[in-house]
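Breakdown of the fold
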Protein chains: 2
Amino acid sequence: MRKSIATVSVSGTLTEKLEAIAAAGFDGVEIFENDLLTCPLPPEEIRLRAADLGLSIELYQPLRDFEAMPEPDLRRAERKFQIMERLGADLLLVCSNVSPRAAADDGLAAEQLRLLAERAAGHGIRIAYEALAWGRYVNEYLHSWRIVRLADHPNLGVCLDSFHILSRGSDPIGIEAVPGEKIFFLQLADAPILAMDVLQWSRHYRCFPGQGDFDVAGLLTHVRKAGYTGPLSLEVFNDHFRQADARRIAVDAMRSLIALEGSAHPAEAPTGFAFAELATAEDPAGLRVMLTALGFTRSGVHGGKPVELWEQGRARLLLNRTGGGPAPTALTAIGLESPEPADAVKRAGSLLAPVLPRERAPGDAPLDAIAAPDGTQIFFCRTAQPYGWREDFAPGEPAAGEITHLDHVALTQPWHYFDEAELFYRSVLGLAPQEGLEFPDPYGLLRSKAMTGPDGGLRMVLNLAQVGAGQTPSQHVALACDDILAVARRLRAEHPDLLLPIPGNYYDDLEARHEAGPGLRGLRELGVLYDRDEDGEFLHLYTVTVGRVFFEVVQRVGGYRGYGAVNAPVRLAVQHAHAH
Amino acid sequence: MRKSIATVSVSGTLTEKLEAIAAAGFDGVEIFENDLLTCPLPPEEIRLRAADLGLSIELYQPLRDFEAMPEPDLRRAERKFQIMERLGADLLLVCSNVSPRAAADDGLAAEQLRLLAERAAGHGIRIAYEALAWGRYVNEYLHSWRIVRLADHPNLGVCLDSFHILSRGSDPIGIEAVPGEKIFFLQLADAPILAMDVLQWSRHYRCFPGQGDFDVAGLLTHVRKAGYTGPLSLEVFNDHFRQADARRIAVDAMRSLIALEGSAHPAEAPTGFAFAELATAEDPAGLRVMLTALGFTRSGVHGGKPVELWEQGRARLLLNRTGGGPAPTALTAIGLESPEPADAVKRAGSLLAPVLPRERAPGDAPLDAIAAPDGTQIFFCRTAQPYGWREDFAPGEPAAGEITHLDHVALTQPWHYFDEAELFYRSVLGLAPQEGLEFPDPYGLLRSKAMTGPDGGLRMVLNLAQVGAGQTPSQHVALACDDILAVARRLRAEHPDLLLPIPGNYYDDLEARHEAGPGLRGLRELGVLYDRDEDGEFLHLYTVTVGRVFFEVVQRVGGYRGYGAVNAPVRLAVQHAHAH
């Protein structure tokens, strides 16, 4: 299906918006009236710009408060038709009336809309009538369809908007009752479920399909069954998107439509972590001490690059000694176990992820890698494969220790781009988002969302550094083990300075919350934190931060599925205190 | 009354919070449990810190989900009592149960609370029971009082919270039915009226009294009549405050209580503008051309400083050629006509505004000045007074032109400090806030609120540069005139480069919206914008920006009371385009 987007969905001046939208590969745009009003170019010039960029102008929007009035304001409508003719737009969105002067009279609404459609026909223009979720009398899509049917004019049809339909909890199956040729336009938006005034919800919190809680894909199924052949057009009002880079948001928007259509290249989802790569331009001595203290050994060195392989069980860390800058230690890449790496890269590329060049020395294993929105490099690997990536390091046997594998990695996303990251990991890697959480931090709030693979094998956590919490080191690698107390005891004995100290007040409260069994009593001395849910228990500890990264060691007991969220505020406060 | 604040209301670690709270002059604090848990200091040490700072610990909060359960969790309560003893706190907040396991049984709730109070008494601790607005069964303050009465224990009373009472629309007059000695604690918070889930509203949007829409003062009257003698304690959860500077927010909090109590020094409100001062360290030639083009003449020069007085009618501008830096032209000070400048400064000082030193040369008029939160200097003056400030300039006659006086000034507030500014101008200058507005900007949103004096004589606009809209020059001086078309014609003829160009599309739309009378038709050529309301019409134009300031010329026709808000998005878009 053709892909379109309303100009209001991205930031910038109208010309900047059009350029960003075209660059992302859209076929067309809806011109939002306010974007036209504030543009210094006359409509004829805007028409030429769009045409030069290969964009069709699918819709002009909106005409408000028109129908079911004591007198229809045809003068105003005629003025809009003139502007549309200059613009080369032939479809006008009329949204349902919110004026207190409107009458609850379907017959009158239909009569005036028929009159409007008749006038529009004289200009070669068609009218798409949309039920706003907060329309005074018409706020259900089937109601707008009844009025359109009653008006019975070839130049009058309905515009369906997934937000207006799904925010009210209406059943979208009724769409199938509308003949496809009478669905003149389809606007798509997703949104998180929020208990708030629907107008404010719509104006500030819409997002692209796949970024919210609505079943936009289900709605699309009904629209297709109805026989709709027009474009899929995104109309999203979002406070973050309107402050973000237009080109980046336009790509994010296009990715959402490709994912929604299911037209991305197929690939099996990654099943776990092959490795995590830490890069540093500083002296890596401190990091080596940390890895050794955690039970890792350096099992190999890359044949041609200053990269070391550190292993323990199936937990693998690459230490990349990038030269050049004073960049502190950072988590720069992750390797994912993929059944077919080449397919995984093709899928990512078809979802507009930048595919990284396969620069490598002769004899090195092939690299299938992409860049995530936050800049993290993602490598798709088959570690067990003969001549795989691990053999570039000519490694010895991995060390045996308490740590068995990587439990999860937590990546910090830039402000305004959290939704983009969520959709990226969801669509490219097939991860499912868990419930979003918010943690108080001494200087702000931290937004956090876990994403997990189909079998729970791959776990990632996305953090958003809210303003004020920006200095928090929230990028980390979590290592799974079967005996966290042994790890903690060794760290406490040999490297107490590497353990993040946990306040005694935390343990006083922990003992108030839970019956103090023998297990709990030892935690205070070892700086181990505790949580439990219906399915099991969770024990975890944190190291201090090295550069921009810290480590977590976790032990899952029973079927515990969380990440110790209840303890995050304690960790954040201690990290701040430790940093000062 | 004693003044207290919950530690959750300001940012930082617990020790930072206590220091900021003490510095602002509070008598006591509520210790929020999470602040204790994340603090590395043991409770005994926190107790000492507070005592050293002169702060009493008024309350420890909260114990949750205690009453009306199948079994009361006395073990957990005992643990809290132990922590409170170490902390030296003798009042525990118990908030009404939200657990699905709670029973709708007032008798059971009372019985368990009585048991809790009895145990508390053994530790010298009292219990303040509070109805959360979202409590499962107990969510009205009179309901919590019924249960307390039923429990009938000397160590059990109610805690009243203005947010929980007013957010539900409960009538606070019922407070007078509660004996003062059974009101163990009073928590105060204001909030803007928002149609959203009350829990989210409470956790993110509370603000200090006088910053929201609640009648907190009215509630306080009832509490006083009931005979309450405890502290006024602020408990505010606010996303901006938790990211802001703790010392600044603590002062803001204290100001809100002083204003609420009505204990500030009395002073008559300013009646209008004496002057606006523009400071520049650049060559002032461009600014002089601008002022001349607007019809001002330089009527005087200060005897001892590089300051020029420019006048037209009662509109007076000071051009301060500050040396030193490369600072671009900025609006740095305003002079306000005050019946008694000394009283105005005393009032501001009693509301914690920094009073500026009265540095001046012998023979200069006295200066009564304070600093606003955004750094703007505010001078209180009586221009008509003999030997007043104007005589320092030995001025000639003011020029006669179309411009008659200053209509308003618009000041940009820093991110996170909008509420502080609103309360400052409201309490210190007696200005009343109008409805808050939000304007789309090509790169974000601009929050804006007009503040007006009792007779409408003094008008100011506070703008908040939202992220992304930060580069927008939104600081400006609006000049009132009786014939804007004459001003526009002269500017257009003599200095067309100084007029902000308005897109033709704006006028196409204006003509679609309003019948094109003869008045409207001339506007397009002159770049004049138009608005109207029920009471009158508004014509205005903008100049280009000089440094960080621009000018607006406005003409109010009839009783129009707004600021042309409908045109702000056009202005913002053009300013962005012009700046690039």
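- Per an unreviewed UniProt entry, the recorded name for chain A is 3-dehydroshikimate dehydratase, and the organism is Planomonospora venezuelensis.
- UniProt, in the comment section headed Catalytic activity (unreviewed entry), describes chain A in these words: "3-dehydroshikimate = 3,4-dihydroxybenzoate + H2O".
- Entered under Sequence similarities (unreviewed entry) in the UniProt record, the comment concerning chain A runs "Belongs to the bacterial two-domain DSD family."

**Topic: the interface of chain B and chain A**
- In this assembly, 52 residues from chain B lie in contact with 52 residues from chain A.
- On the chain B side of the contact with chain A, B:Leu37, B:Arg75 and B:Asn505 bury the most area, a combined 15% of that side's loss.
- Counting across the interface, chain B meets chain A through six salt bridges.
- A salt bridge links B:Glu511 to A:Arg79; its shortest N-O distance comes to 3.3 Å.
- The interface formed by chain B and chain A holds 26 residue pairs in polar contact (both at pLDDT 80 or more) in total.
- Among the secondary structure elements, those contributing two or more residues to the side of chain B that touches chain A are helix 2 (33–37), helix 3 (43–52), helix 4 (74–87), strand 17 (432–441), strand 18 (444–452), helix 15 (504–513) and helix 18 (568–579) of chain B.
- It is helix 15 of chain B that contributes the most residues to the side of chain B that touches chain A, seven residues altogether.

**Description of the side chain of B:Gln312**
Residues and elements named next belong to chain B.
- Topologically, Gln 312 is positioned in strand 11 (residues 307–312).
- For Gln 312, the side chain forms a polar contact with the main-chain nitrogen of Ile 403, separated by 3.4 Å.
- Apart from the residues within four sequence positions on either side, Gln 312 is in contact with Leu 294, Gly 295, Phe 296, Ala 399, Gly 401, Glu 402, Ile 403 and Thr 404.

**Some details on the UniProt feature "binding site: Mg(2+)" (unreviewed entry) in chain A**
All names here are of chain A.
- Cross-referencing UniProt, the feature "binding site: Mg(2+)" (unreviewed entry) maps to His 408, His 476 and Glu 552 in the present numbering. Across 145 residues in sequence, these annotated residues keep their C-alpha atoms within 9.3 Å of one another, forming a single compact spot.
- His 408 gets classed as buried once you look at its relative accessible area, which sits at 2%.
- Those residues in contact with His 408, other than ones at most four positions away along the chain, are Phe 273, Arg 459, Met 460, Val 461, His 476, Val 477, Ala 478, Glu 552, Arg 556 and Tyr 563.

**Topic: the packing of aromatic side chains**
Residues and elements named next belong to chain A.
- Per the counting criterion, the structure on display carries 24 aromatic pairs over all chains.
- Taking 5.3 Å as the distance between ring centres and 75 degrees as the angle between the ring planes, the aromatic pair formed by Phe 163 and Trp 201 counts as edge-to-face. Highlighted residues: Phe 163 in helix 7 (residues 162–166) and Trp 201 in helix 8 (residues 198–204), separated in sequence by 38 residues. Across this residue pair, the class does not change: Phe 163 and Trp 201 are buried.
- Residues Phe 275 and Phe 379 carry aromatic rings whose centres are separated by 6.0 Å and whose planes lie at 45 degrees to one another, so their mutual orientation is tilted. Of this pair, Phe 275 sits in strand 9 (residues 272–279) while Phe 379 is found in strand 15 (residues 377–381), placing the two residues 104 residues apart along the sequence.
- Given a relative accessible area of 4%, Phe 275 falls into the buried group.
- Ring pairing ties together the aromatic residues Phe 275, Phe 379, Trp 389 and Phe 393, which thus form one cluster.
- We note Arg 126 situated over the ring of Phe 184; from NZ or CZ to the ring centre the distance is 4.2 Å.

**Quick notes on the pattern of salt bridges**
- Under the definition given, this model contains 59 salt bridges over all chains.
- Notably, a salt bridge pairs B:Arg426 with B:Glu422, separated by 3.8 Å at the nearest N-O pair. Taken as a pair, B:Arg426 and B:Glu422 lie in helix 13 (residues 418–429) at a separation of four residues, close to a single helical turn.
- The shortest N-O distance in the salt bridge between B:Asp509 and B:Arg513 comes to 2.8 Å. Of this pair, B:Asp509 and B:Arg513 both sit in helix 15, separated by four residues, roughly a single helical turn.
- What makes B:Arg513 partly exposed here is its relative accessible area of 30%.
- In this structure, a network of salt bridges that share partners links the residues A:Glu44, A:Arg79, A:Arg86, B:Asp508, B:Glu511 and B:Arg524.

How each quantity is defined
Residues numbered from 1 in each chain as written. Chains lettered and ligands numbered in written order. Predicted model: local features only at pLDDT ≥ 70, side-chain atom pairs only at ≥ 80, totals over all residues. Heavy atoms only, no water. UniProt positions renumbered as here; feature names shortened; annotations may be inferred. Contact = heavy atoms within 4.5 Å. Buried area = accessible area lost by both parts, 1.4 Å probe. Salt bridge = Lys/Arg side-chain N within 4 Å of Asp/Glu carboxyl O. Polar contact = N/O pair within 3.5 Å; in protein donor to acceptor, adjacent residues only side chain to side chain. Helix = DSSP H or I, 4+ residues; strand = E, 2+ residues; numbered from the N terminus. Buried < 20%, exposed > 50% of the residue type's maximum accessible area, 1.4 Å probe, protein only. Phe/Tyr/Trp six-rings, centres within 6.5 Å; stacked < 30°, edge-to-face > 60°. Lys NZ or Arg CZ within 6 Å of the ring centre and 35° of its normal.

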